[in-house]
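Analysis of the macromolecular model
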Amino acid sequence: MKGLKYFFFVIFLFASSTATYAQKSPALFTTVNPADSSHHSHLKQYNIKEETVVTATRTERKLSNVAIPTKIITQKSIKQAGSMRLSDILQEQSGLFLTSGFGTGVQMQGLNPDYTLIMINGEPLVGRTSGVLDLNRLAVGNIKKIEIVKGPSSSLYGSEAMAGVINIITDQTPNNKLATSLRYGTYNTKDFNCNTTFSKGKFTFSHFLNSYQSDGFSIRPYAVERTVAPIWRLTNQFHTSYQASAKTKIDIDLRYAYEHIQNEIAVTNNGIITYSKGNEYHKDFNLNPVITHLFSSKLKSTLRLYATNYNADQNLNTSGNSIYDDQLNHQFVRVENQTDYYLNDKISFNAGIGYVQEGVKSNRYELNSARRTNNINYVFAQTEIKPIEKITIIAGFRYDNNQLFAAAFSPKIAAMYKATEHLKFNASIGRGFKAPDFRQLYLNFTNTAAGGYSVFGALEAQKQIDFLQSIGQILSIESDFYKLKELHPEYATGINFGLQYNPNQQIQFDLSFFRNDVENLIDTRLVAYHKSGAQIFSYLNLKNAYTQGVESQMSVKITPQFAVSAGYQYLLTADKDQVKEIEAGRVYTIDAGGFARRMELSEYVGLPNRSKHMANFKLSYENENYFTNLRVIYRSKWAVNDKDGNGLYNSNDGFANAFAQINIAAGKQFYKQFRAQIGCDNIGNYIDMANLPNLAGRTFYTTLSYQFNQKNKK
Amino acid sequence: MKKNQILMAMAMVASSFYACTEDNTTTPIDTTNNGTFKVYTLNDVTEVQNLIADTIIGTSAQGQPVGTGHFTFFSLKNRAVVPLTDSATSNWDVAFRGTTILTNAGTSGPGMGGAYTHVGIFADVSSFNADSTIRTDAAPVYAIKTGSNKGWYVYDGPNNLITPIPGRVLMIRGADGTLYKLEINNYYKGGVTPLTTATSAIKLSTQRYYNFRYKAL
């Protein structure tokens, strides 16, 4: 009997080395619910595969079994939407609000882009500008799927995973493949992709190349700043895997991305036009070797090394003189071990330990030659328990010990209850954090081009202002100066409650409620005045806020070919201190004549740049060699400008108009290997130059692709 | 000299008489703000529209928009602009240049003026606080603080717009010691702040037009 078991185990490993193993986790570690298998015949009919997710628990789980709900964006939907960059596909997802300014960021559950961790194959990307990681940096041509976990996930991923996590999983299927595509569209936008995979014996080697080029566009006739400038982006990604033995596998990922943005700026001042030329270069390098070893059928250990370097250089020349040159280099090196132990069908454990060394060098810091560094040691542990068949509980924590600021403890507990085969409930509560970043600690920046104001990081402010004062260069000190102290991480406590209902294979309905209470938010405050009268700012842990709302998603397969889906998010946000001020009657707004009157709480709209209602709608038709779809994205108005000058956002202020964007696409397969696709984004030609600078008007594109697959002969 | 003073006194009497006649008017006052300088009074509250406060005429060597550099002097008592030549007298109560507001005392003038900023609703204010809160001008620091979010206005840098902070009542002691409350409602011509998307030419040409109301306490 034991021999037979062993035999099957070997067979399994053998099989997994060819195909399934590439998913980095053997099926032993996926908890298969026997009830699920009964659906398989229906699944086939509707062409749905049982999907697995890895981001929610750091181990591979069937989507239907995971206690922390995870959204998946599949390769197919990325392709059928004609997406080129990560931002293109994320903007069509429920509850994600894309922001502009310092690149395109993503707002999740109403929290700023700073608080969402963006990862490739589980490793974080670095290089944020003012807290925003530009989603346009990422090409999507080699993505197998994107996994999105909303709500605090710091218990597994540490800093930045406060609002949630977006994990990009690249396609590492070991077969022999050549896939290329060429797309051409409005504004002379050229996008070229080439995926090659070569698999022989124990080796799999794959390469992805993407080149994106666009002339950009200008929708602001008199703009000082660019809307979207001419750009060239190149991404090269290599993946090698080696099945060293039946129990050991080595994966090495290497990624290099390059961006060059050119911009010509014309500043008109009282009729005199000054022309400037700007150049921005971004280089992104990632190296990620991973060794996975199975000690037994129940014990797996993964050693991950990760090194990344992000380099940004931005300069501006006016008639040959460099008036501005801004440089930033961010390095991040991490060693991490994760061990997964599968005790039995009811209990499993994961634990990890890691070390991070991080450093930033910038000419916006005092000594631009010196690299500012931080070391982080961390441990995390998680257990998944199934006390009875219908209930799954996951509990975990992570402890991050930082060199530069207070340590952070992030616990999380989640539970899922399968009421029936078709109805599931889940609930979770967790704590997330975001560590103060290098900018908030070390910035030493004086904007000589715009009035000479200064921004000093929290660790610099005291020292710099004391020095300026000693040489008589300070006009006055503000009360917030005396509040300057060590910066603490920003914290969020998130509660999520939801249900998933699928009465049959054609209908899927998800509903979730969320609430995030955020404390210690870091805010920029005026701390002193230069002798010239110019302002000096620094960073303080000051604000407390909350975001809460409802998200729902419904998809219906009307026929095996025809599907409809719709998503909606309702969001409420508030700065808690502002609410207190309003309730105390200390906030005023203006009446019709422009004179002051007391503001009511009902007029308060909460945090700016957030839409109360966001919705999306998708119609799609698909058969074996043809597809077409229509996608609609809607956002209700959002506050952009404190028009009445009372320091917060209320119904009297400036709002961006509600808008709907409609995109369509259609594609056809020829001779199995060729595919042609055409599409039109923003059919309605909706333009809002002030508030949606990245939204081009109506654009058209056409894509031709060729794919050659050879199934691995094994 | 004496003749001048007599003329001045006559003018003051005349202007106060003129104001009085308007106080007692029975015909409705035209409050539409069409961009012209206008003063009218209703129920002891005087409203001033489009008081020009050194509008921008050009650009400095540093590229900063500038006016002539002169203040516009205003008598709250007489509800009228005071000529520039009287700047060193006690004939004016407040003076405006760009966002800077002077009161007639200290480094600004020979009067008994002074001011402080009260946070609240104009209608709710009925008296001055104890004398100690009244400050006088000591250039470059003024009784009514200058700077964004410090005194009466907030400056929106990205959009290059000045907005009076709602709920800031300027408590002003006139040159003769009379106490006033004053509320500024707009800084632009016609009492309309340009759109954030307006050109900078529009934003610059329509600013420095004070629209405010005041009342003697």
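Residues numbered from 1 in each chain as written. Chains lettered and ligands numbered in written order. Predicted model: local features only at pLDDT ≥ 70, side-chain atom pairs only at ≥ 80, totals over all residues. Heavy atoms only, no water.

Glancing now at the pattern of salt bridges. Residue and element names in this part refer to chain A. In this structure the tally under the stated criterion is 34 salt bridges over all chains. Residue arginine 233 is joined to glutamate 259 by a salt bridge in which the shortest nitrogen-to-oxygen separation is 3.1 Å. Placement of arginine 233 in strand β13 (residues 231–242) and of glutamate 259 in strand β14 (residues 248–269) is noted, with a sequence separation of 26 residues between them. The two residues arginine 233 and glutamate 259 agree in class, both being buried. (Salt bridge = Lys/Arg side-chain N within 4 Å of Asp/Glu carboxyl O. Helix = DSSP H or I, 4+ residues; strand = E, 2+ residues; numbered from the N terminus. Buried < 20%, exposed > 50% of the residue type's maximum accessible area, 1.4 Å probe, protein only.)

All right, on to the packing of aromatic side chains then. Both the distance between ring centres and the angle between the ring planes are used here to describe each pair of aromatic rings. Counted according to the given criterion, the structure contains 30 aromatic pairs over all chains. Where phenylalanine 397 of chain A meets phenylalanine 409 of chain A, the ring centres are 5.9 Å apart and the plane angle is 35 degrees; that geometry is what we call tilted. Of this pair, phenylalanine 397 of chain A sits in strand β20 (residues 391–402) while phenylalanine 409 of chain A sits in strand β21 (residues 408–418), and the two are 12 residues apart along the sequence. On the basis of relative accessibility, which here comes to 39%, the residue phenylalanine 409 of chain A falls in the partly exposed class. Members of the aromatic cluster, connected to one another through ring pairs, are Phe74, Phe96, Trp152, Tyr153, Tyr180, Tyr187, Tyr188, Tyr210, Phe212 and Tyr214 of chain B. Cation over ring: lysine 181 of chain B sits above phenylalanine 122 of chain B, and NZ or CZ is 4.6 Å from the ring centre. (Phe/Tyr/Trp six-rings, centres within 6.5 Å; stacked < 30°, edge-to-face > 60°. Lys NZ or Arg CZ within 6 Å of the ring centre and 35° of its normal.)

Attention now moves to the nonpolar core. Leu86, Leu90, Ile118, Ile146, Ile148, Ile166 and Ile168 of chain A are the most contacted members of the largest nonpolar core, which totals 30 residues. Counting only elements with at least two residues in this core, the list comes to α5 (86–90), β4 (96–99), β5 (105–108), β6 (116–120), β8 (143–150), β9 (164–170) and β27 (507–530) of chain A. Excluding its chain neighbours within four sequence positions, the residues that come into contact with isoleucine 146 of chain A are Lys71, Ile72, Ile73, Ile78, Leu86, Ile89, Ile166, Asn167 and Ile168 of chain A. Ala53, Phe74, Ala143 and Tyr188 of chain B belong to the second largest nonpolar core, which has 26 residues in total. (Core = buried A, V, L, I, M, F, W, Y, C linked by side-chain atoms within 4.5 Å. Contact = heavy atoms within 4.5 Å.)

The topology assignment puts aspartate 644 of chain A in the loop between β34 (638–641) and β35 (654–656). The charged side chain of aspartate 644 of chain A is buried without a salt bridge, its nearest counter-charge being arginine 597 of chain A at 7.2 Å. A distance of 2.5 Å separates polar atoms of two side chains, one belonging to aspartate 644 of chain A and the other to threonine 589 of chain A. If sequence neighbours within four positions are ignored, aspartate 644 of chain A has contacts with Thr589, Ile590, Asn650, Asn652 and Asp653 of chain A together with Thr163, Pro164 and Pro166 of chain B. (Lys, Arg positive; Asp, Glu negative; His and termini not counted. Polar contact = N/O pair within 3.5 Å; in protein donor to acceptor, adjacent residues only side chain to side chain.)

Moving on: the sheet that holds strand β12 (residues 168–173) of chain B. All names here are of chain B. Read from one edge to the other, the open sheet built from 6 strands follows the order β1-β2-β14-β13-β12-β9, with strand pairing classed as antiparallel. Only two strands of the sheet have a single neighbouring strand rather than two, namely β1 (38–42) and β9 (114–119). Between one strand axis and the next, the sheet turns by 25 degrees as a mean value, whatever way the strands run. (Pairing = 2+ DSSP bridges. Axes fitted to C-alpha atoms, helices over the stretch in contact; angles between N-to-C directions.)

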